[in-house]
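# Observations on chain architecture
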Amino acid sequence: MRILAIETSCDDTALSVVRCEGGLEGPHFVIEQNVVSSQIEVHRPFGGVVPSLAKREHVKNLPVLTEQIFEESRIKNQESGKEGKIIGDIDAIAVTVGPGLAPALWAGIEFAKDLAKKLDKPLWGANHLLGHIYSVYLPQEIGKVEQREIKFPAVALLVSGGHTILARMDALDKIEKLGETKDDAVGEAFDKVAKMLGLPYPGGPEIQKISEAGDAQAIDFPRPMIGSGDFNFSFSGLKTAVLYYLRKQELKANSYKLKADTAASFQNAAIDILVKKTRGAIEESGAQSLILGGGVAANKLLREELTRMSEEVGVNFYTPSAFVHNTDNAAMIAVAAYIDYLRGVKYAPEAQPNLNL
Ligand code: KG4
Ligand code: ZN
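Source: prediction; values computed, not measured. (Residues numbered from 1 in each chain as written. Chains lettered and ligands numbered in written order. Predicted model: local features only at pLDDT ≥ 70, side-chain atom pairs only at ≥ 80, totals over all residues. Heavy atoms only, no water.)

## Digging into the coordination of the zinc ion (ligand 2)
Under the convention used in this document: In this listing, donors mean N, O and S atoms no farther than 2.8 Å from the metal, or 3.2 Å for Na, K and Ca; water is missing from the atoms, so a site can look incomplete. Classification of residues uses two cut-offs on accessible area relative to the type maximum, computed with a 1.4 Å probe and protein chains only: under 20% is buried, over 50% is exposed, and between them is partly exposed.
Each protein donor to the zinc ion (ligand 2) is listed here as His128 (NE2), His132 (NE2) and Asp328 (OD); together their distances run 2.0 to 2.1 Å. Residue His132 is classed as buried on the basis of its relative accessible area, which comes to 1%.

## A word on the domain arrangement of the protein
How big an interface is tends to be reported as the loss of accessible area on association of its parts. Our working definition: Each domain span listed reflects an automatic or database assignment of domains. It only takes one pair of heavy atoms within 4.5 Å for two residues to be counted as in contact. Using a 1.4 Å probe, buried area is obtained as the accessible area two parts lose upon being combined, added over both of them. Salt bridge, as used here, is a side-chain nitrogen of Lys or Arg placed within 4 Å of a carboxyl oxygen of Asp or Glu. Any pair of nitrogen or oxygen atoms within 3.5 Å is treated as a polar contact; in protein, a donor-acceptor pairing is required on top of that, and neighbouring residues in sequence qualify only through side-chain atoms on both sides. Only DSSP runs of H or I covering at least 4 residues are called helices, and only runs of E covering at least 2 are called strands; the numbering of each starts at the N terminus.
Annotation of the protein at the domain level lists domain 1 (2-146 + 323-343) and domain 2 (154-318). Using C-alpha coordinates to define each centre, domain 1 is positioned 28 Å away from domain 2. Facing 22 residues of domain 1, the contacting portion of domain 2 comprises 21 residues. Carbon and sulfur atoms supply 72% of the area that domain 1 and domain 2 bury against each other, a total of about 1800 Å² over both sides. Contact with domain 2 buries area across many residues of domain 1, yet Ile133, Val136 and Asn326 alone supply 28% of it, more than any other trio. At the boundary of domain 1 with domain 2, the tally comes to zero salt bridges. Joining domain 1 to domain 2, the criterion identifies five residue pairs in polar contact (both at pLDDT 80 or more). Counting only elements with at least two residues in the side of domain 1 that touches domain 2, the list comes to helix 4 (128-134) and helix 10 (331-343).

## Some points on unusual backbone geometry
The omega torsion across Gly98 and Pro99 is -10 degrees, close enough to zero to call that bond cis. Counting through the fold element by element, Pro99 comes out in the loop between strand 4 (92-98) and helix 3 (102-119). A cis geometry characterises the amide bond from Tyr201 onward to Pro202, with omega recorded as -5 degrees. Looking at the secondary structure, you find Pro202 in the loop between helix 5 (186-196) and helix 6 (203-211). Positive phi, normally seen in glycine, also occurs at Asp120, with a value near 55 degrees. Along the chain, Asp120 falls in the loop between helix 3 and strand 5 (123-127).

## Focus on the packing of aromatic side chains
Our working definition: Any pair of Phe, Tyr and Trp rings, taking the six-membered ring for Trp, is counted once the centres come within 6.5 Å. Such a pair is stacked with planes under 30 degrees apart, edge-to-face with planes over 60 apart, and tilted for the rest.
This structure, assessed with the given rule, holds six aromatic pairs. With 5.7 Å between their ring centres and 90 degrees between their planes, Phe29 and Tyr338 make a pair best called edge-to-face. In this pair, Phe29 sits in strand 3 (residues 28-38) while Tyr338 sits in helix 10, placing the two residues 309 residues apart along the sequence. What makes Phe29 buried here is its relative accessible area of 0%. Tyr338 gets classed as buried once you look at its relative accessible area, which sits at 5%. Their ring planes at 70 degrees and their centres at 5.0 Å tell us that Phe190 and Phe266 sit as a pair that is edge-to-face. Of this pair, Phe190 sits in helix 5 while Phe266 sits in helix 8 (residues 256-285), placing them 76 residues apart in sequence. Since its relative accessible area comes to 3%, Phe190 is described here as buried. Given the relative accessible area of 0%, Phe266 is considered buried. Among the aromatic residues, those joined into a ring-pair cluster are Phe29, Tyr137 and Tyr338.

## A few points about the nonpolar core
Rules: Nonpolar core, defined: a set of buried Ala, Val, Leu, Ile, Met, Phe, Trp, Tyr and Cys residues in which side-chain atoms within 4.5 Å join the residues together.
By size, the foremost hydrophobic cluster in this structure holds 61 residues, and its most contacted members are Ile3, Ile6, Leu15, Ile93, Tyr134 and Ile291. It is helix 10 that contributes the most residues to this core, nine residues altogether. Each of two domains, domain 1 (2-146 + 323-343) and domain 2 (154-318), supplies a minimum of three residues to this core. Counting residues in each nonpolar core, the second largest holds 43 residues, with Val159, Phe221, Val242 and Val296 among its members.

Shown next as structure tokens:
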């Protein structure tokens with residue numbers, strides 16, 4: 001089946017048309033079209049996402065991106081001698097219902113409701129968190145198929161700007177949360193530490209970049225809850241430790257070396273916590289695979305360290321092959337909606353800002 005998916009939970013307006021096949025036993029996906037309009041430049045002056053501005057931008061972008069999708073398919077159809085628009089071939093429209101910023105979610109949902117009515121197609125709600133987990137099934141390139149035979153049980157680590165979750169998966173559709181952050185999400189900690197260092201929003205990629213010039217062993221930052229014996233996380237203490245460290249170094253605060261060492265040492269501590277907890281979860285659940293999703297999955301050091309750990313413990317490691325599928329996108333929403341359809345789960349088309357796994 002072919003799904004047109006819409007994602008507006010935060011600061012990216014995204015649409016995608018995905019062909020979904022194979023059922024729960026052998027799901028595979030072809031991304032036919034994928035468009036994302038980032039609002040980073042709009043929110044950057046505020047150092048973070050402003051919900052009312054996010055809504056305004058989504059409302060502005062959605063019709064433009066939808067028209068772009070239809071225009072692209074009109075051209076494709078003409079080239080292959082077919083009549084009409086792609087919309088005739090779409091089986092359903094999917095939209096993120098949560099978690100996320102309420103005004104941003106509603107912008108997508110209202111638009112999707114109208115579109116579904118106009119095109120006379122069913123409208124399916126989708127869970128953004130499941131989208132991030134299932135994003136490992138997305139092929140790297142548009143128009144290509146890539147079969148992924150992920151063996152279960154698996155452990156999923158979801159790391160984004162709003163969430164840090166470890167989950168056990170006994171099957172594609174059997175997910176049980178093992179633990180999550182008790183305060184800040186890891187991406188949020190990256191963003192806040194970047195702000196302290198005077199780096200622009202979003203901070204994750206900036207911390208990664210400046211860390212390359214720093215010494216990751218320079219400062220021994222704390223690793224909260226690393227030995228707590230469960231699968232929960234805490235990143236707020238680590239963030240505060242960075243703040244106190246920088247206050248003490250006041251005189252040298254503008255030194256590039258100090259910034260690079262602080263960023264690298266912070267990144268090292270945060271990743272150390274993620275990797276140790278994930279290893280514990282794999283060992284306890286006897287997992288055969290590790291799945292990594294969410295915006296922070298784009299982090300190079302995190303990918304390297306998880307690859308190394310996966311080799312050591314003997315599990316297969318999966319993370320989206322294309323970096324654009326780590327951060328928010330609509331293709332992953334199509335995948336989540338397809339899997340929900342297969343397992344008979346339905347989300348009402350209403351914003352659920354605090355929706356969880
Ligand atoms: O999944 P996502 O796009 O949005 C949410 O659902 O939250 O994740 C965004 C988060 C931001 O906190 C951003 O700083 C972080 O992902 N991020 C990174 C990197 N790229 C994005 N964090 C660390 N290293 C990166 N390379
Ligand atoms: Zn996300």
